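The primary structure of each chain is shown beneath.
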Amino acid sequence: MRLRVNGRDWEVDAPPMARLLDVLRVQCELPGTKEGCGEGECGACTVLVDGEPVCSCLVPVAHADGAEVTTIEGLGGDHRLQRAFAEHGAAQCGICTPGMIMAALALPSSPSLDDVRVALAGNICRCTGYHAIYRAILRA
Ligand code: FES
Ligand code: FES
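It should be emphasised that the depicted structure is a prediction, and the values quoted were computed from it without experimental measurement.

The rules behind each value
Residues numbered from 1 in each chain as written. Chains lettered and ligands numbered in written order. Predicted model: local features only at pLDDT ≥ 70, side-chain atom pairs only at ≥ 80, totals over all residues. Helix = DSSP H or I, 4+ residues; strand = E, 2+ residues; numbered from the N terminus. Rg over C-alpha atoms; globule rule 2.2 N^0.38 Å. Buried ≥ 20, exposed ≤ 12 C-beta atoms within 10 Å, placed from the backbone. Contact = placed C-beta atoms within 7 Å. Core = buried A, V, L, I, M, F, W, Y, C linked by C-beta atoms within 7 Å. Domains from an automatic or database assignment. Pairing = 2+ DSSP bridges.

Our focus in this paragraph is the overall build of the chain. Secondary structure summary: the chain contains five helices and five strands in total. Helices and strands appear in the chain in the N-to-C order β-β-α-β-β-β-α-α-α-α. Taken against the 2.2 N^0.38 rule, which gives 14 Å for 140 residues, the C-alpha radius of gyration of the chain at 14 Å falls within 12% of a compact globule. Along the first, second and third principal axes, the C-alpha set of the chain runs to 40 × 25 × 25 Å. Going through the 140 residues of the chain one by one, you find that 36% of them count as buried. For the chain, the share of sequence-separated contacts (at least 6 apart) that also reach a separation of at least 24 residues comes to 57%.

The subject of this paragraph is the nonpolar core. Ile101 and Ala104 are the most contacted members of the largest nonpolar core, which has 38 residues in total. Broken down by secondary-structure element, the contributors of at least two residues to this core are β1 (2-5), α1 (20-27), β4 (52-55), α2 (80-87), α3 (97-105) and α5 (131-139). Split by domain, the residues of this core number at least three in each of domain 1 (2-74) and domain 2 (75-139). For Ala104, the contacting residues outside a window of four places in its chain are Leu81, Ala119, Leu120 and Ile137.

With that out of the way, let us pick up the pairing of β1. Judged by which residues are buried, β1 turns out to be one-sided: Leu3 and Val5 face inward and are buried, whereas Arg2 and Arg4, on the alternate face, are not. Here β1 pairs with strand β2 (residues 8-11) via four bridges, running antiparallel. Note that in β2 the partner of Arg2 across the bridge is Glu11. Where β1 folds back on β2, the antiparallel hairpin that results is connected by two residues, among which Asn6 adopts a positive phi of roughly 50 degrees.

It is worth stressing that arrangement in space is one thing and function is another; only the former is reported here.
Okay, here's the thing in structure tokens:
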């Protein structure tokens, strides 16, 4: 199978039902995508597949064959969302943060607070609470 991850082509040697999350973290050596629940409920593992946010713990790698995948590493560390999360105290332990940012990336420009709430409805944070996260996204 072939994946294009953060602009780089990968020939992946994995069973078709291997989780995209594991392929990204182990084969592609991109550990920025986190595993929380492992069953589609927390959003920590969110990546973009062809521009759409997905829970990579639920996606068999075969479903991403030929797709363009973007992980948190693809943002390079100085993306406006990453800066805003740091500036607004929107991360504590940081486990949820990559998934929050990847989900926020799929928002339209100038989203409302309700847009942000809906876009992040599947992303759970156990330590920061949500106000700082929403504020960071709206500022970014
Ligand atoms: S680890 Fe994938 S949704 Fe929780
Ligand atoms: S910052 Fe710890 S889970 Fe969100």
